[in-house]
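So you can see what is in the structure, the chains are spelled out below.
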Amino acid sequence: MPAQILLVEDHDLMRPSMQEYLDREEGLEVVAAVGNAADAREALRQMNGPPDLALIDVALPGQSGIELLQDLRTDHPDLRCLMLSGHAEESYVRAAKEAGAKGYVVKGKPDVYPRAVKAVLDGKTYTSDAVAAMWNRAEEAA
Amino acid sequence: MSDEPPHTDTSPETDAQAGEPSDSSSAPANDDRLWGVVNRLPGAVYRCTYDTEWRSLYMGDGFEEICGLPPDTLDPAGRSFKEVVLDEDRDKIRAQVRTAIENRSHYSIEYRIRSHDGTVRWVEDNGRPVFNEGGEVKWLDGILLDITDRKEAERSLRRMKETLEQQVEERTQQLRRASALLTVAEQRERDDLARRLHDDVEQFLYGVQAQAKMLVDGIDEHPEVDADTLPVEPSYVESLLRDAIETTRRLAVDLSPPVLDSDGLTEALQWLRSQMQQNCDFEVVLEETPPVLSIPDELRMLLFQAVRELILNVREHAGVDRARVRAHTDEHEEGLVLSVTDDGQGFRHDGELPDPDSGFGLRRVRERVRFFGGTLDIDTAPGEGTCCTIRIPMPDQHDVPGNGEFE
């Protein structure tokens, strides 16, 4: 049975592209693809239990991806969350790490998306090269 | 002060040998010509005692013209000259007369007297002490000139000057505030543009990139498709998209450096150094970093943009790939000094700056810095490199607009 993924990405072209891209990957299935935090909660309510992983864009309209991450980690402590962002910025990386994300992927390298998702599903941490040092610093500070 | 007894004579006299008033207090009554000259002089010739009262020994007719009091109303037995002088000016007169006596010199004093109708008149008193053979002061001789009109004109001029200076100061403050508002507004526009680039263009490109990746993967997964027959190499499209994303990302960062949001000028310059190295392969040496000062946001933005413009100028026009940046407080620790120096080809500089449209940003930097009350000095010559120095005062906090003014 493929691993179930909740995708939260607000951009109307990026969201279906990402969904399709991950769906093509063996062992992965995007069970819900939504554009904001409220829709993500609604999608979770309609599921029979949480998915295996939530892939969340950091910059969402309204409630941010980091805030959604905090809420999801509270409601579903076992849910693995992977953050996705165009910003390779220390403040975002640190906030994601502190809120309990299992990784941080910088957009721009499609090959990385399924690799990162699979790594986190395997219980590992995944960070793009551009933010690896920031993640490590956040880890040391924790 | 001497306590010489009051003289009763009411006319001056001359010392035939010295050509000055003689010791005698009796006037040559027959010398009409002398009196004619004395009383036709503009002002009032006088002789008075050197004591606490300045009793009049003689006062010329001009006194009445000055203050409406006939000269004979001042006499040794009656009203003293001191009585017509305003209280608050008396000490000044005493001090200056004392100095003239000590130095055996003249005195020239401006002070006020109360006229017959109660109005105040200004006089200029040019006089000298006269000494006897024993070196004691016999009396004071002098002439009073009515300078009321001049004083009024001076006061009027002074008021106009003060008003003018106040207006200039107000306009300067307005200009600085407007410039500060403009700088912040400009940066907000840049921030907005950067956000649109990031949120719209960049995200769109990510989507296209993912689609293109699937297309390329699809081609790879179908052996019946001969990639060589395709008009464009699929990986080339991917490469173009990567470049487009990178360019957009860099443009957004250039427009709105994230470091400007919250960090100080030092961090901003360090960030600029790393960006120039990373993106342009251009070395920026921070020889001295700015002191830790509380710099208002708009000034920090201005200085950052100015230094960046100067560095880009070096990169574009100096023919070198290295610039040095220094930042420190001025000698009075009241302002900031930032300099950008290069060892490049320099240029001929006669005070006029190249037009901004020519690609040089120097004039733009100078104009903007000037709005903040600062200066941009350029030291350069062909083959001698260039040193651009910005000097800018630290504004008072009340001189710059608060965030609320933008809401």
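The present account deals with the structure reproduced in this document.

**A few points about the overall build of chain B**
Then step 1. Scanning chain B from N- to C-terminus turns up 10 helices and 10 strands.
Then step 2. Put simply, of all contacts in chain B between residues at least 6 apart along the chain, 60% involve residues at least 24 apart.

**Observations regarding the pairing of strand β2 (residues 28–34) of chain A**
Residues and elements named next belong to chain A.
Then step 1. Direction of pairing for strand β1 (residues 3–8) relative to β2: parallel, over a ladder of 6 bridges. Each bridged residue has a counterpart across the sheet, and for I5 the counterpart in β2 is V30.
Then step 2. In this fold, β1 hands off to helix α1 (residues 14–23), which returns the chain to β2; that crossover is right-handed.

**Some words on a negative patch on the surface**
All names here are of chain B.
Then step 1. Taken together, the side chains of D61, E64, E65 and D72 define an acidic patch exposed on the protein surface.
Then step 2. Tracing the chain through its elements places D72 in the loop between α2 (62–67) and α3 (81–84).
Then step 3. For D72, a relative accessible area of 59% puts it in the exposed group.

**As for a nonpolar patch on the surface**
Residue and element names in this part refer to chain B.
Then step 1. A surface patch of nonpolar side chains, about 340 Å² in accessible area, is lined by V232, Y236, V237 and L240.
Then step 2. Position of V232 among the secondary structure elements: in the loop between α5 (148–221) and α6 (234–255).
Then step 3. The exposure class assigned to V232 is partly exposed, which follows from its relative accessible area of 41%.

**Here we look at the sheet that holds strand β5 (residues 137–146) of chain B**
Residue and element names in this part refer to chain B.
Then step 1. Read from one edge of the open sheet, 5 strands run β2-β1-β5-β4-β3, paired in antiparallel fashion. Whereas interior strands pair on both sides, the edge strands pair on one side only; in this sheet they are β2 (56–59) and β3 (107–114). Ignoring which end each strand starts from, the neighbouring axes of this sheet average 25° apart.
Then step 2. By the bridge criterion, 8 bridges tie β3 to strand β4 (residues 120–131) in an arrangement that is antiparallel. Bridged to R112 within β4 is W122.
Then step 3. Here helix α4 (residues 87–103) sits on the sheet and contacts β3, β4 and β5; the angle it forms with β3, its principal contact strand, is near 160°.
Then step 4. The strands that α5 touches are β3, β4 and β5; relative to β4, the one it contacts most, it runs at about 120°.

**Brief notes about the packing of helix α2 (residues 37–46) of chain A against helix α3 (residues 65–75) of chain A**
All names here are of chain A.
Then step 1. Contact pair α2 / α3: the axes reach a minimum separation of 10 Å and the direction vectors enclose 25°. With respect to α3, the axis of α2 lies roughly parallel. Here the hand of the crossing between α2 and α3 comes out right-handed. Here α2 contributes A37, A40, R41 and L44 to the contact with α3, which in turn contributes L68, D71 and L72.
Then step 2. Class assignment of the residues belonging to the contact of α2 with α3 gives a composition of 5 nonpolar, no polar and 2 charged.

**What to know about the pattern of salt bridges**
Side-chain pairing between opposite charges can occur once the charged atoms of the two side chains come close.
Residues and elements named next belong to chain B.
Then step 1. If you walk through the whole model with that rule in mind, you get 37 salt bridges over all chains.
Then step 2. Note that R121 is salt-bridged to D146, the shortest N-O span being 2.9 Å. Of this pair, R121 sits in strand β4 while D146 sits in strand β5, and the two are 25 residues apart along the sequence.
Then step 3. With relative accessibility at 23%, the residue R121 sits in the partly exposed group.
Then step 4. Residue D146 is classed as partly exposed on the basis of its relative accessible area, which comes to 32%.
Then step 5. Within this structure, E110, E124, R150, K151 and E154 form a network of salt bridges that share partners.

**Some points on helix α6 (residues 129–141) of chain A**
The α-helix winds at 3.6 residues per turn, so residues separated by three or four positions along the chain end up facing the same way.
Residue and element names in this part refer to chain A.
Then step 1. When the terminal C-alpha atoms of α6 are compared, their 19 Å separation across 13 residues agrees well with the 18 Å that a helix rising 1.5 Å per residue should span.
Then step 2. The set of residues buried in α6 consists of V131, M134, W135 and A138. Each buried residue of α6 sits inside an arc of 105° when the element is viewed along its axis, so together they form one side. Exposed and facing more than 90 degrees away from the buried side of α6 are D129 and E140.
Then step 3. Elements in contact with the buried residues of α6: α4 (90–98), β5 (103–106) and β6 (126–127).

**Points about the packing of aromatic side chains**
Then step 1. Within the structure shown, the criterion is met by 5 aromatic pairs over all chains.
Then step 2. When the ring centre of B:W122 is taken as reference, the NZ or CZ atom of B:K151 above it lies at 4.5 Å.

**Focus on the environment of A:W135**
Residue and element names in this part refer to chain A.
Then step 1. Its place among the elements puts W135 in helix α6.
Then step 2. Along the sequence, W135 and V93 sit 42 residues apart, while their C-alpha atoms lie 6.2 Å from each other.
Then step 3. Sequence-distant contacts of W135, that is, excluding residues within four places in its chain, are made with V93, K97, A101, K102, G103, Y104, T125 and T127.

**Side note on the sheet that holds strand β8 (residues 335–342) of chain B**
Residue and element names in this part refer to chain B.
Then step 1. Read from one edge to the other, the open sheet built from 5 strands follows the order β6-β7-β8-β10-β9, with strand pairing classed as mixed. In this open sheet, the two strands that pair with only one neighbour each are β6 (283–288) and β9 (375–380). Each strand of the sheet is rotated relative to its neighbour by a mean of 15°, with strand direction disregarded.
Then step 2. In terms of strand pairing, β9 meets strand β10 (residues 386–393) through 6 bridges, oriented antiparallel. Within β10, the residue paired with L376 across the bridge is I390.
Then step 3. Lying on the sheet, helix α9 (residues 297–318) is in contact with β6, β7 (322–329), β8 and β10; it crosses β8 at an angle near 15°.
Then step 4. Packing of helix α10 (residues 362–371) onto the sheet brings it into contact with β9 and β10, and relative to β9 it is tilted by some 145°.

Conventions used here
- Residues numbered from 1 in each chain as written.
- Chains lettered and ligands numbered in written order.
- Predicted model: local features only at pLDDT ≥ 70, side-chain atom pairs only at ≥ 80, totals over all residues.
- Heavy atoms only, no water.
- Helix = DSSP H or I, 4+ residues; strand = E, 2+ residues; numbered from the N terminus.
- Contact = heavy atoms within 4.5 Å.
- Pairing = 2+ DSSP bridges.
- Right-handed = clockwise from strand over helix to strand, strands pointing away.
- Patch = residues over 30% accessible without salt bridge, like charges linked within 9 Å, V, L, I, M, F, W, Y side chains within 5 Å.
- Areas by Shrake-Rupley, 256 points an atom, 1.4 Å probe, with all protein chains shown as cover.
- Salt bridge = Lys/Arg side-chain N within 4 Å of Asp/Glu carboxyl O.
- Lys, Arg positive; Asp, Glu negative; His and termini not counted.
- Charge placed at Lys NZ, Arg CZ, Asp CG, Glu CD.
- Buried < 20%, exposed > 50% of the residue type's maximum accessible area, 1.4 Å probe, protein only.
- Axes fitted to C-alpha atoms, helices over the stretch in contact; angles between N-to-C directions.
- Parallel < 35°, antiparallel > 145°, perpendicular 65-115°, else oblique.
- Left-handed = near helix turned anticlockwise from the far one by under 90°.
- Nonpolar A, V, L, I, M, F, W, Y, C, P; charged D, E, K, R; others polar.
- Expected span 1.5 Å × (residues − 1).
- Arc of directions from axis to C-beta.
- Phe/Tyr/Trp six-rings, centres within 6.5 Å; stacked < 30°, edge-to-face > 60°.
- Lys NZ or Arg CZ within 6 Å of the ring centre and 35° of its normal.

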